[in-house]
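A closer look at the structure
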Amino acid sequence: GAVVSQHPSWVICKSGTSVKIECRSLDFQATTMFWYRQFPKQSLMLMATSNEGSKATYEQGVEKDKFLINHASLTLSTLTVTSAHPEDSSFYICSAREGAGAGQETQYFGPGTRLLVL
Amino acid sequence: DQQVKQNSPSLSVQEGRISILNCDYTNSMFDYFLWYKKYPAEGPTFLISISSIKDKNEDGRFTVFLNKSAKHLSLHIVPSQPGDSAVYFCAASVRYSSASKIIFGSGTRLSIRP
């Protein structure tokens, strides 16, 4: 149980284009989904938290107009990197959590999406 | 401001022996702690967790110990196996308003040698 998928796993795009990454919880309903970014040999950096049906909460320093997050259903969240530039190249990982109550803190992660902007 | 610290970037352990991964934290508001295992180019895999009201949680070969007074937790893997070679992230959960989020440490690369 607790499987989270991401699509695509790899994307290469030209500078200036927009890229959409999907995150799905396959066997549970995710009231909250998270988007992380990981640079080589560094830890996971939380970018934003999204709750189904409401606006995402972005971490300090993350441009909300650059990284558009939509959480339209309990099983799907999308991250759109708008007008991508080479510095946006990174490994993007989503995670999902079933609830927000005590004992439901565990997040289950997707396999990640490697973005390379040329 | 690193609220969750893993001071050892790497650790090498012989197969069959015990692996001990350490983690320190600074925020006394953390109420839940988790360990994740990660292979390159993959998402982290949840291993084990512990609530702040407990001091030990065991699941098979994995045991997590929490020392709240020292703000320290550790993950013990025994016996260590070759498949345990990966990067291990310590993480802590903090509540804000009606939600919570996880803050990750920088990770420790564990290598199990034959």
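Reading the values: the criteria
- Residues numbered from 1 in each chain as written.
- Chains lettered and ligands numbered in written order.
- Predicted model: local features only at pLDDT ≥ 70, side-chain atom pairs only at ≥ 80, totals over all residues.
- Heavy atoms only, no water.
- Helix = DSSP H or I, 4+ residues; strand = E, 2+ residues; numbered from the N terminus.
- Rg over C-alpha atoms; globule rule 2.2 N^0.38 Å.
- Buried < 20%, exposed > 50% of the residue type's maximum accessible area, 1.4 Å probe, protein only.
- Polar contact = N/O pair within 3.5 Å; in protein donor to acceptor, adjacent residues only side chain to side chain.
- Contact = heavy atoms within 4.5 Å.

Okay, the overall build of chain B next. A count of helices and strands for chain B gives zero helices and 11 strands. Starting at the N terminus, the α and β elements of chain B follow one another as β-β-β-β-β-β-β-β-β-β-β. Computed over its C-alpha atoms, the radius of gyration of chain B comes to 14 Å, within 12% of the 13 Å expected for a compact globule of 114 residues. Considering only C-alpha atoms, chain B reaches an extent of 45 × 30 × 20 Å along its principal axes. The proportion of buried residues among the 114 residues of chain B is 47%.

Moving on: the side chain of Ser19 of chain B. All names here are of chain B. Relative to the helices and strands, Ser19 resides in strand 3 (residues 19–25). At a separation of 2.6 Å, a polar atom in the side chain of Ser19 contacts the side chain of Ser80. Every residue in contact with Ser19, bar those within four places of it in the chain, is listed here: Val13, Leu75, His76, Ile77, Ser80, Leu110 and Ile112.

Turning next to the environment of Ser90 of chain A. All names here are of chain A. With respect to the helices and strands, the residue Ser90 is situated in strand 9 (residues 90–97). Counting along the chain gives 25 residues from Ser90 to Leu115, while the straight-line C-alpha distance between them is 5.4 Å. When near neighbours in sequence (up to four residues on either side) are disregarded, Ser90 contacts Arg37, Gln38, Phe39, Thr113, Arg114 and Leu115. Polar contacts involving the side chain of Ser90 include one to the main-chain carbonyl oxygen of Gln38, which spans 3.1 Å.

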